[in-house]
Amino acid sequence: VGAAREEMKDKRKEVKTEIKLKREQIQADIKATREDAKEKMTELRTKIKEEKDAIKAETKEKRVEVREKALERFDGAVSRISSLKDKINSRIVTLEAKGVDVTSAESFVATAEVKLSEASAKIVEANALLAVSIDELSAENKATLKTLAKEIQTLIVDAHKALKDAMGALKAAAKVQVEASATTEVAQ
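Described in the following lines is the structure provided in the data block. (Residues numbered from 1 in each chain as written. Predicted model: local features only at pLDDT ≥ 70, side-chain atom pairs only at ≥ 80, totals over all residues. Heavy atoms only, no water.)

When you go through the chain residue by residue, the secondary structure sums to four helices and zero strands. Ordered by position in the sequence, the α and β elements of the chain form the string α-α-α-α. Here the C-alpha radius of gyration of the chain, 23 Å, is well above what a compact globule of 188 residues would show, namely 16 Å. The principal-axis extents of the C-alpha atoms in the chain amount to approximately 85 × 25 × 25 Å. (Helix = DSSP H or I, 4+ residues; strand = E, 2+ residues; numbered from the N terminus. Rg over C-alpha atoms; globule rule 2.2 N^0.38 Å.)

The following block contains the structure:
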């Protein structure tokens, strides 16, 4: 039993390391693409300033602002879910130190991490799509953007659900641990 538990812990550590490396690579790619999109937005703003027609310039400026706000909303949602994930991870560490079985909670958190990574990638994709031009989006780009927005929203909701499931699994595992320790105390 002890050897099997150690083997499972080693396997979990390997998987965590792999996930961490993949996540870091994805984050680096996302950061690079985001920086590129930010540069394009800055270029678009300078082009707007060069615009001679004040009304057209104002319209283009508002378009850029609306696009940035939409992306900020998605980034904010991902940030909030990531914060929740970090809290749950710290709770997992605490309970694991107390001997509670946290494997199911860890799998839910891993699912949430995957969903968050996918959502971040989709946000970057949307950012790149919006940074292409300051003109109105083509019908095709609008459709693509709507699809991306729905996918991002779905991924964020799925990540949140996985984190709720992780909390439920932690509560159940802690309850089992408490009941088991109460039973052993009564038996003694």
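Don't stop here, the text continues.
Let us now look at the pattern of salt bridges. Inspection of every chain in the model, using the stated rule, returns eight salt bridges. A salt bridge links aspartate 86 to lysine 85, with the shortest nitrogen-to-oxygen separation between them at 3.5 Å. By relative accessible area, aspartate 86 is classed as partly exposed at 46%. You can call lysine 85 buried: its relative accessible area is 9%. The partner of glutamate 113 in a salt bridge is lysine 85, with the nearest N and O atoms 3.7 Å apart. Taken together, the positions of glutamate 113 in helix α3 (residues 103-130) and lysine 85 in helix α2 (residues 54-97) put the pair 28 residues apart, joining distant regions of the chain. For the pair formed by glutamate 113 and lysine 85, the shared burial category is buried. (Salt bridge = Lys/Arg side-chain N within 4 Å of Asp/Glu carboxyl O. Buried < 20%, exposed > 50% of the residue type's maximum accessible area, 1.4 Å probe, protein only.)

A separate point is the nonpolar core. Ile88, Ile92, Ile156 and Leu170 are the most contacted members of the largest nonpolar core, which totals 36 residues. Breaking this core down by element, the ones donating at least two residues are α1 (2-50), α2, α3 and α4 (139-187). Ranked by residue count, the leading element in this core is α4, at 12 residues. The contacts of leucine 170, once residues within four sequence positions are left out, are Ile88, Arg91, Ile92, Leu95, Val102 and Ala105. (Core = buried A, V, L, I, M, F, W, Y, C linked by side-chain atoms within 4.5 Å. Contact = heavy atoms within 4.5 Å.)

Keep in mind these values describe shape, not function.
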